[in-house]
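Fold and contact review
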Amino acid sequence: MPSQPLRVAVVCSSNQNRSMEAHNILSKRGFDVRSFGTGTHVKLPGPAPDKPNVYDFKTTYEQMYSDLVRKDKELYTQNGILHMLERNKRIKPRPERFQSCKEQFDLVITCEERVYDQVVEDLNSREQETFQPVHVINVDIQDNHEEATLGAFLICELCQCIQHTDDMENEIDELLQEFEDKSSRPFLHTVCFY
Amino acid sequence: MASGSGERQHASVASQFFTGAEDAAIDMTTSEKVVDLLNQAALMSTDDKLTALKQVQELIINKDPSLLDNFLDEMIAFQTDKSIEVRKFVIGFIEEACKRDNELLLKLIANLNMLLKDESVNVVKKAILTLTQLYKVALQWLVRSKSVSEMQEACWDMVTHMKEEVLALLDSDNDGVRTHAIKFTESLIITLSPRTPDSDIPKKQEGDISLDRLPKDHSYIRYDVLSEEGKSALEKLLKFMVHPAISSINLTTALGSLATLARQRPMFMSEVVQAYETLHANLPPTLAKSQVSSVRKNLKLHLVSVLRHPSSMDFHSQISTLLLDLGMAQGDIARCVPAAAQPRKRPRHEPYSEGKRIKIEPTLIEDDEDKEEPAPVVVPKPSSTTGTQSAIDLTAEFLLPLLTSENVANLVLISMVYLPEAMPASFQATYTPVESAGTDAQIKHLARLMATQMTAAGLGPGEESGSKDPIIIRKVSAVSLGQAISVVGAYKSPTAEETPQAKKLPEPIMPSTQPKAPGSSGRKKVFRLGDVVQPLSDSQLEKLTNMAVKRILQAEKAIARSGMSHVRVKLLARLMTQFEGAMKDDMLHFILEDMRARSDLAFSLLYQEYNQYLSQLPSGSLDSYEHCLFALLSGLQERPEQRDGLFTKLVLEAPLITESALEVIRRYCEDESRVYLGMTTLKELILKRPSRQFQYLHVLLDLSSHEKEKVRSTALTFIKRLYEKDHLREYIEKFALNYMQLLVHPNPPSLLFGVGDDTEVASPWTEETVRQCLYLYLSLLPLNHRLVHELAAVYTEAIADIKRSVLRVIEQPIRGMGMNSPDLLLLVENCPKGAETLVTRCLHILTDKVPPSPDLVERVRDLYHKRVPDVRFLIPVINGLEKKEVIQALPKLIKLNPIVVKEVFNRLLGTQHSKDVLVFWCFKGNGSLLVHLLCSTNLCFGEKNVYTSEVLAVVMQQLMDQNSLPMLFMRTVIQSLTMYPRLGGFVMNILTRLIPKQVWKYPKVWEGFVKCCQRTKPQSYSVLLQLPPAQLASVFERCPEMREPLLQHVRSFTPHQQAHIPSSIIAILEATNRMQEPQPQPESDHAEAVEEREVKP
């Protein structure tokens, strides 16, 4: 593994905040990274908790941005959504859904348990072909900007450590245990096969 | 098969079409392009090489498969590439190539076999993945072949052999390799088991071969053998899963594999469900908390996927129970059950679903029991799946009536003993309080759980009734013996052993540069440090050590900047004491380069050395420490510039001063430019290291007789200071006296010339050697006067040369003592025999500048009178003696040699005795003493500032007052007159006064009188005229030439004056010639004149 860059996927629910933050940092650190959401729709906070802005995965960040500017520029500037979208559109045009991606990864990092379950379920529901393993690790991150940033750094550190192992599969268990102790949060971890 | 060959057909048609339609040059181009890419790839870096090789692969497999055979060898040659990625690529290529053209298996399978034993686990993993695919391909290929060639047989044998090897990799040390081996096993089981109508078939694997597609009459492939192999593989997988130390990833993988098996081969449903049940009750204790959660999550997921399969109908109750335990809601479980199955299964499902809500107490017990057995042995029955099922059922039925409250309570109590100290993570995660304990359903569940455990352990009536597998019996006996048994890889597959190796196995394509022998890398890569490291040779070791230490040394500044200097210093000190020789010297040299800045290092090193020595007591040697200290000290000395205080600091802070270190200090003291520093340090040592102070003091004392003046005097200064310390005094004195005692030897002892210089016989005492013995003593003398007696004692015994030297050197100290010193007085008083000269010398020194004290005079006088009547004693104190004593002594004194006499005079002069002396001299002037007297008086007259004209006048007056005239009277008068001509008047008066004394009766004096008159004419004329005629005649007899001038003088008188001169005188004046008138009265005139002179001085 060390000679070959890890193929990493970062997955959250809407492919907006947590996964994009990590995508941003990881790509800056030279990882081969993609980001995804697992939800059926892309949801962004709306004027009230029960009135989110809902888009489908085909909508580009640009379109969402224009839409929100039109709706209430001040509100979405203030809560950082516009800023976030701006960042996102610099990274890629639109959110992607994990379940629709057929690319193979070495490592999938999810940002909450529900997403982890969805990812593992999806991977297990696929027909196995190559038996190429993929490790899925869940790092719980609250869905707000600050936690996203902190979480992204944690993910990045984790990826770097994994990247630097001589034999990832042999050492990942121990590595995760260390990270658990260090960050004092539990990581769910499993392996699936393509 | 059909589809495969069809594809090939199609491809070749396409290529034909392609070739025909376009140009032949394109084919050429493809071939050339491949050649070109391969050539480039050989020289490229890994990434580019991969890109090139991928292009080649695309070209020769997909674009133009006809080229595949041509370039196969070239591609395979890359399997020895040093890059892991390239080797992995080659494996991928083998897979693709074999899939494209099955015949290539014949050639390539051996290469894959080699790669399966690659040293890199990543390559091995890739090889396993490929074998997973190729196993099916190979089997299908063989089955398809109408007649199997020998080559094909060999190829299949090799595949079978590789399969066994991969199965054995379930025991690999590497987690990832095990994971891949599990997946291989899964695939193998699927292939080697029959597809049934209720099997889930993934679309892409529809064409895959499986056991049911094997012809039972195949010439080489044996259906029953493969069927057994499949079952054996499942058995291995199940065994692998219950290993107590299975890693969470392996467990996850195995769970997934089981789920796949259950869905694709529902015939194994029973084993799978049972394995899940066992696992759930026996989660490995090695899992961490989060891993437990992950595994449980997985288990749930797979259970649900199994539950959805229609064939799981019979096991819904067990699966539901498990899912409930895993925290899934009843409703959710129900939703997962296939709609068609629900109504049909309801009745059987019922009894268990009631108990679902209950979290059963026995789970707890089971868990505990599990913990207490380090290796729970769960041996699934490979031979009869139904047998296992019934065994558990039988045992459960057997247990059910036994689970009375009393028995259960006892079980719990017994189990309590085996509870672990801390709650295992797996238990903590699974435990939920038991809500309805004691209900029938719950007891039934408990019975079943216990039955699972017991069956797994090979116990219970169900087990006994089951088929007696020899392995199980062996296990049971082992368990009954209480032994922990490792389940994994316990036995070999018999097929591997019985495979006849008659046929030649396929040979791998060996590139000419092939360096590796197949099988050179072992199956298992167990890391042992000893395997990968080689002992360094001694010289290498030393070189590396040296370099390492040098680096630490050189890192001084960098480390100082980081504030970790103290660590470096400590490290160096520790390290250095471990090594000998050159490295130490290097380090010392390094320290000395900048001692000021590196003193902490120096001290640290020194203390470390000393510590080392202490730790090895009593056998330890000080050599290393001594060497270190010595090198530092002498290094400091060799440095040209003075290092302020560092030397002193080093000496004073060193834990121990060794002999050699002391020697360096001594050298310091002997170095004139550093003598002060050296001695200060030495002094500090003496004062601050009481335990060895005398040793240090000795060095200092030794230096007190050093040949270099500066060293000596500095040493003496320091010793004098130390002499004030009471506790050191005795030692110093003793040393000084011992040294002085050397003087009694006839020749200077070798000691004085340094050790080993044995020249005692040859060399005589010299001034220098004598002084050497006395320096210290003499500097102490003024501090302790009592010592003077020792000197006297030595003096008396010493030879003359030494005595002289002694007398020369004692001046300063004796003067320092002063004449009031009681000890000196005592010495004078006692004056040991033979020490007279010494005492005299002392007296002289004492009274040289100042008059003697009465005390001293008293002692000397005493000595002189009572013991040693040597007048020379009196000389120093002579001006302290009474006049009478002086007078008494004088006769003896003037007999001494003139120099002594002169000294005596010097002493007497300037005292109130001076006049007496001269008077005395003149008075005593007679007989044998005359010569001495003459000398003496000459001496007196030599002292003009003492014997002024006035003094002489008084002396003459006193002499006149004597009853009889001293013999030397006139001599004195004449000499006085010669010195002071203005005394003429006074002398005339004297002469006049001598006449009544009838001076002519003293022949000598008379002679002098005449001489005097002769010298003082014409003043003396009036005196002469007063002489009686007879005496006048006597005068003229002596000096006839006087007569005429005197006559002329008388004749020049006035007549009146002439009248006063008696005629007898005139007659004498004119006796021979014509006599002049008698002299009138010249006396009065003269008397006036004398008076006149007396008045004006």
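Residues numbered from 1 in each chain as written. Chains lettered and ligands numbered in written order. Predicted model: local features only at pLDDT ≥ 70, side-chain atom pairs only at ≥ 80, totals over all residues. Heavy atoms only, no water.

Per an unreviewed UniProt entry, chain B is named Symplekin, and its organism is Pygocentrus nattereri.

Per an unreviewed UniProt entry, the recorded name for chain A is RNA polymerase II subunit A C-terminal domain phosphatase SSU72, and the organism is Pygocentrus nattereri. Quoted straight from UniProt, the Sequence similarities (unreviewed entry) entry for chain A says "Belongs to the SSU72 phosphatase family." Among the UniProt annotations of chain A, the heading Function (unreviewed entry) holds the following wording: "Protein phosphatase that catalyzes the dephosphorylation of the C-terminal domain of RNA polymerase II. Plays a role in RNA processing and termination." (UniProt positions renumbered as here; feature names shortened; annotations may be inferred.)

Examining the overall build of chain A
From N to C terminus, chain A includes six helices and seven strands. The secondary structure elements of chain A, listed N-terminal to C-terminal, are β-α-β-β-β-α-α-β-α-β-α-α-β. A total of about 8,600 Å² of accessible surface is found on chain A, and carbon and sulfur atoms cover 49% of it. (Helix = DSSP H or I, 4+ residues; strand = E, 2+ residues; numbered from the N terminus. Areas by Shrake-Rupley, 256 points an atom, 1.4 Å probe, with all protein chains shown as cover.)

Quick look at the nonpolar core
Residue and element names in this part refer to chain B. With 115 residues, the main nonpolar core has Leu 682, Leu 774, Tyr 777, Ile 810, Ile 814 and Leu 838 as its most contacted residues. At eight residues, the largest contribution of residues to this core is made by helix H38 (residues 767-780). If sequence neighbours within four positions are ignored, Leu 774 has contacts with Met 740, Leu 743, Leu 791, Val 806 and Val 809. Counting residues in hydrophobic clusters, the runner-up holds 114 residues, among them Leu 68, Leu 108, Leu 115 and Leu 226. (Core = buried A, V, L, I, M, F, W, Y, C linked by side-chain atoms within 4.5 Å. Buried < 20%, exposed > 50% of the residue type's maximum accessible area, 1.4 Å probe, protein only. Contact = heavy atoms within 4.5 Å.)

Considerations on the pairing of strand E6 (residues 133-139) of chain A
All names here are of chain A. Summarising burial for E6: seven of the seven residues are buried, a large majority. Alternating positions in E6 separate into two faces, Pro 133, His 135, Ile 137 and Val 139 on one and Val 134, Val 136 and Asn 138 on the other, with burial throughout. As paired strands, E6 and strand E7 (residues 187-193) are joined by seven bridges and run antiparallel to one another. In the sheet register, Val 136 faces E7, and the bridge partner there is Thr 190. (Pairing = 2+ DSSP bridges.)

Some points on the state of the cysteines
All names here are of chain A. Applying the stated rule across the entire model yields zero disulfides over all chains. We note that Cys 159 lacks a disulfide partner, and the nearest cysteine sulfur, in Cys 156, lies 6.7 Å from it. Its relative accessible area of 0% is what places Cys 159 among the buried residues. (Disulfide = S-S within 2.5 Å.)

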